[in-house]
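A look at the structure
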Amino acid sequence: MSHDGLPNSRQSLLGVSHEGDEVWLIRGISQKQYTCPGCYGDVEIGEDHVIAQTVMRLGGTEHRHWHRSCAKRILEPGLNRVKAVNAREAGRSKLESRGKRPAGKRGRRTPRR
Ligand SMILES: [Zn+2]
């Protein structure tokens, strides 16, 4: 399935890493400069980019800022079961509270589209 143009402001992507962690790809506009983990180049201030928020299977979260093209080329192909989800499901505070419990104890398993 193609997810061209995603994530955008209305839809995020959700996939599962080989370790079984949830990886949420969220569209963001950088407030400061970041280093992209894909190419080690700068993600400039104001750049439309991808925030990859990982919610670990055993609990806990972390996030990285990727260039859109690097996320598409490097990150997304390494994820399983990538699907589009409503961006409202992918707010940072929502995902951080999701990460406070291990995967088996989160109630609803996967968010609605
Ligand atoms: Zn990059």
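Below is a summary of the structure that appears in this document. All figures in this text were calculated on a predicted structure; none of them were measured in a lab.

**As for the coordination of the zinc ion**
Surrounding the zinc ion are the protein donor atoms Cys 36 (SG), Cys 39 (SG), His 67 (ND1) and Cys 70 (SG), at 2.0 to 2.4 Å. Coordination at the zinc ion comes from four donor atoms whose angles at the metal span 98 to 120 degrees, giving a geometry best classed as tetrahedral.

**With respect to the sheet that holds strand S7 (residues 80-86)**
Within a sheet, neighbouring strands are paired by backbone hydrogen bonds and run either parallel or antiparallel to one another. Pairing is antiparallel in the open sheet, where five strands are placed in the order S6-S5-S2-S1-S7. Both edges of this open sheet fall to strand S6 (61-66) and S7, since each of them pairs with a single strand only. On average, each strand axis in the sheet is tilted by 25 degrees relative to the strand beside it, whichever way the strands run. Bridge analysis of strand S5 (residues 48-55) against S6 gives six bridges, and the strand direction is antiparallel. Across the sheet, the residue bridging to Thr 54 is Glu 62, located in S6.

**Overview of unusual backbone geometry**
Backbone torsion omega between Leu 6 and Pro 7 reads 0 degrees, so that peptide bond is classified as cis. Unlike most non-glycine residues, Tyr 40 shows phi in positive territory, near 60 degrees. On the basis of relative accessible area, Tyr 40 is assigned to the exposed category, the value being 66%. The backbone of Arg 81 sits at a positive phi, close to 50 degrees, despite the residue not being glycine.

**Section: the pattern of salt bridges**
Scanning all chains against the criterion turns up five salt bridges. Salt-bridge contacts for Asp 48 lead to Arg 27; the nearest nitrogen and oxygen are separated by 3.5 Å. Of this pair, Asp 48 sits in strand S5 while Arg 27 is found in strand S2 (residues 22-29), placing the two residues 21 residues apart along the sequence. The class of Asp 48 is partly exposed, set by a relative accessible area of 31%. Residue Arg 27 is classed as partly exposed on the basis of its relative accessible area, which comes to 33%. Close ionic contact of Arg 68 with Asp 48 constitutes a salt bridge, the shortest N to O distance being 2.9 Å.

Cut-offs used in this document
Residues numbered from 1 in each chain as written. Predicted model: local features only at pLDDT ≥ 70, side-chain atom pairs only at ≥ 80, totals over all residues. Heavy atoms only, no water. Donors = N, O, S within 2.8 Å, 3.2 Å for Na, K, Ca; no water. Tetrahedral: all angles 85-135°; square planar, octahedral: opposite > 155°, others 65-115°. Pairing = 2+ DSSP bridges. Helix = DSSP H or I, 4+ residues; strand = E, 2+ residues; numbered from the N terminus. Axes fitted to C-alpha atoms, helices over the stretch in contact; angles between N-to-C directions. Buried < 20%, exposed > 50% of the residue type's maximum accessible area, 1.4 Å probe, protein only. Salt bridge = Lys/Arg side-chain N within 4 Å of Asp/Glu carboxyl O.

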